[in-house]
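# An overview of the molecular structure
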Amino acid sequence: MKKRLRAFTLIELMVVILILGILAALIVPRVMGRTGEAKVAAAKADLSALAGSLRNFRLDCDRYPTTEEGLNALRTPPNGLSAWKGPYLEKQLPNDPWGNPYDYTFPGSTGNDSFMLRSFGSDGVEGGTGDALDIIEGE
């Protein structure tokens, strides 16, 4: 009695590879097109977390950091500020998903008791459209 070996033929393997190639050609462009959306969502999440840390700073110190003190005031106490109870961020200050530092301005556009946080988007400069559109958080 002969034992028959079971294996895939070359044609079967080529058909499977062809099917996988077609699927990859259909799926990869859709997934790759979402990286911009994911970066925008990550920047919004970072800005929201930074805004929360700035609010905690204000609760302790009765003011927001000045523009000159910047977001570094969330990690190291500014000179002469005894009410500081930080650090208000556990990790180092993040850059935006495009590798640029977040922009912090105090006071913000709504008055003396406001701030503005921005990511300038993929182009790193003010203004733009699409992925280059500025993302703004503030009070």
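Here the structure is shown first, and the text comes after it.
So, a few notes on the structure that sits alongside this text. (Residues numbered from 1 in each chain as written. Predicted model: local features only at pLDDT ≥ 70, side-chain atom pairs only at ≥ 80, totals over all residues. Heavy atoms only, no water.)

## Observations concerning the nonpolar core
Just so we agree on the cut-off: Think of a nonpolar core as a cluster: buried Ala, Val, Leu, Ile, Met, Phe, Trp, Tyr and Cys residues, connected wherever their side-chain atoms sit within 4.5 Å. Using a 1.4 Å probe on the protein chains alone, a residue whose accessible area is under 20% of its type maximum counts as buried, one over 50% counts as exposed, and one in between counts as partly exposed. By the criteria applied, helices consist of DSSP H or I runs no shorter than four residues and strands consist of E runs no shorter than two, each listed in order from the N terminus. Pairs of residues are marked as contacts when any of their non-hydrogen atoms sit within 4.5 Å.
Residues Leu54, Phe57, Leu71, Leu74 and Leu117 are the most contacted members of the largest nonpolar core, which totals 22 residues. Ranked by residues supplied to this core, first place goes to helix α2 (residues 35-61) with eight residues. If sequence neighbours within four positions are ignored, Leu74 has contacts with Leu50, Ser53, Leu54, Phe57, Trp84, Pro87, Tyr88 and Leu89.

## Here we look at the packing of aromatic side chains
As a reminder, the rule being used: Ring pairs shown here join Phe, Tyr and Trp side chains whose ring centres sit within 6.5 Å, with only the six-membered ring taken for Trp; geometry is labelled stacked below 30 degrees between planes, edge-to-face above 60, and tilted in between.
Inspection of the entire model under this criterion finds five aromatic pairs. Centre to centre, the rings of Phe57 and Tyr88 are 5.6 Å apart; their planes meet at 65 degrees, and the pair counts as edge-to-face. Here Phe57, found in helix α2, pairs with Tyr88, found in the loop between α2 and β1 (103-105); they are 31 residues apart in sequence, far enough to count as distant. Accessibility classification places Phe57 together with Tyr88 in one group, the buried group. Members of the aromatic cluster, connected to one another through ring pairs, are Tyr64, Tyr104, Phe106 and Phe115.

## So, the environment of Asp113
Put simply, the rule reads: Two N or O atoms form a polar contact when they lie within 3.5 Å of each other; inside protein one atom must be a possible hydrogen donor and the other a possible acceptor, and for residues adjacent in sequence the pair counts only when both atoms belong to side chains.
Within the fold, Asp113 resides in the loop between β1 and β2 (116-119). Given a relative accessible area of 45%, Asp113 falls into the partly exposed group. Put simply, Asp113 and Arg58 are 55 residues apart on the chain and 9.9 Å apart in space, counted from C-alpha to C-alpha. Discounting residues that sit within four places of it in the chain, Asp113 has contacts with Arg58 and Tyr64. Looking at Asp113, its side chain comes within polar contact range of the side chain of Arg58, at 2.5 Å.

In short, shape yes, function no, at least from these values alone.
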